[in-house]
Amino acid sequence: MSEIEFRSLTPERSSDLVTFSAQHGKFRYCLCMRWRMTSTAYQRSTKEDRIAELNRLVCSGTPIGVLAYSDGEPVGWCSVAPMETYGALERYRALPRIDDQPVWSVACFFVDRRVRKTGLMLGLLRPAVDYAFSKGAGIVERHPVEQYARLYRYMGGVDMFQSAGFRDTTTSGQSRRVMRIDRSALDSEKGI
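Everything numeric in this text was worked out from a predicted model, so none of it was measured. (Residues numbered from 1 in each chain as written. Predicted model: local features only at pLDDT ≥ 70, side-chain atom pairs only at ≥ 80, totals over all residues. Heavy atoms only, no water.)

S.K.: How do you make sense of the overall build of the chain when you look at a structure like this?
M.R.: Counting secondary structure elements, the chain contains eight helices and seven strands. Sequence separation of 24 or more characterises 64% of the internal contacts of the chain that already satisfy a separation of 6 or more. Counting every atom, the chain has about 10,000 Å² of accessible surface; 49% of that belongs to carbon and sulfur. (Helix = DSSP H or I, 4+ residues; strand = E, 2+ residues; numbered from the N terminus. Contact = heavy atoms within 4.5 Å. Areas by Shrake-Rupley, 256 points an atom, 1.4 Å probe, with all protein chains shown as cover.)

S.K.: Explain the nonpolar core here, please?
M.R.: The tendency in soluble globular proteins is for nonpolar side chains to be buried as a group. Ranked by size, the top nonpolar core spans 27 residues in total, and within it L125, V140 and F166 carry the most contacts. At the level of elements, β2 (65-70), β3 (73-82), β4 (104-111), α6 (120-134), α7 (158-163) and β7 (179-182) are the ones that each hand at least two residues to this core. Residue contributions to this core peak at eight residues, all from α6. Among residues more than four places away in sequence, those in contact with V140 are W104, V106, V129, A132, F133, F166, M179, R180 and I181. Listed in part, the 19 residues of the second largest apolar core include C32, I51, L57 and W77. (Core = buried A, V, L, I, M, F, W, Y, C linked by side-chain atoms within 4.5 Å. Buried < 20%, exposed > 50% of the residue type's maximum accessible area, 1.4 Å probe, protein only.)

S.K.: Explain the pattern of salt bridges to me, please; I cannot follow it from the model alone.
M.R.: All chains considered together, the criterion is met by eight salt bridges. One salt bridge in this structure joins E5 and R7, with 2.8 Å as the shortest N-O distance. The exposure class of E5 is partly exposed, given its relative accessible area of 40%. As a salt-bridge pair, R97 and E90 come within 2.8 Å of each other at their nearest N and O atoms. A relative accessible area of 34% places R97 in the partly exposed class. Linked through salt bridges whose partners overlap, the residues forming this network are E73, D112 and R114. (Salt bridge = Lys/Arg side-chain N within 4 Å of Asp/Glu carboxyl O.)

S.K.: Sorry if this is basic, but what is going on with the packing of helix α1 (residues 14-23) against helix α4 (residues 47-59) here?
M.R.: Between α1 and α4, the shortest axis-to-axis distance is 10 Å and the interhelical angle comes to 160°. With respect to α4, the axis of α1 lies roughly antiparallel. In this structure, α1 crosses over α4, and the sense of that crossing is right-handed. Within the contact between the two elements, α1 uses S14, L17, V18 and S21 and α4 uses I51, L54, N55, V58 and C59. (Axes fitted to C-alpha atoms, helices over the stretch in contact; angles between N-to-C directions. Parallel < 35°, antiparallel > 145°, perpendicular 65-115°, else oblique. Left-handed = near helix turned anticlockwise from the far one by under 90°.)

S.K.: When you look at the side chain of R142 in this model, what are you seeing that I'm missing?
M.R.: Tracing the sequence through the fold places R142 in strand β5 (residues 139-142). Comment: no salt bridge for buried R142; closest opposite-charge side chain is E141, at 8.0 Å. At a separation of 2.8 Å, a polar atom in the side chain of R142 contacts the main-chain carbonyl oxygen of V106. Of note is the side chain of R142, whose polar atom sits 2.9 Å from the backbone oxygen of A107. (Lys, Arg positive; Asp, Glu negative; His and termini not counted. Polar contact = N/O pair within 3.5 Å; in protein donor to acceptor, adjacent residues only side chain to side chain.)

Put into structure tokens, the structure is as follows:
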């Protein structure tokens, strides 16, 4: 694989997401819509319904994520968007908001098998955070899973988020970790 480039998903790049999803059946199964749609709507939807809805969001200009490209071909995905656009995540009782701050959330990753185990998930995370900050986010949040949680491998582990500068902000009694990266703290570290 050649050098990897990262681009936010815009209406002009919507066909890249369609291409990526057509090439990756497991990605196409969910399309990160599990967190965007209500449970009822998700359960009633087909794969085609989910790709159409995700494409509608892209074409409407709703921020949804970042793609990684190798030789112009999409090879990786990171779902990142304002928390309020993740309707099911907002209502998920196991992951209640820890405060009333406006946040963006990293929902999941999907990496082509040809570039797995190359650090591409971490590579996607950094441009995803930069993208969120460029769109006005003050905080980017994630609920990572333990390293060997087989069913949730698309969500990323604690170590990866720590290496990207996220800090644990889990409140007492919370069953899942909450990790955040704060733009103002990042700016102060850089001396801005």
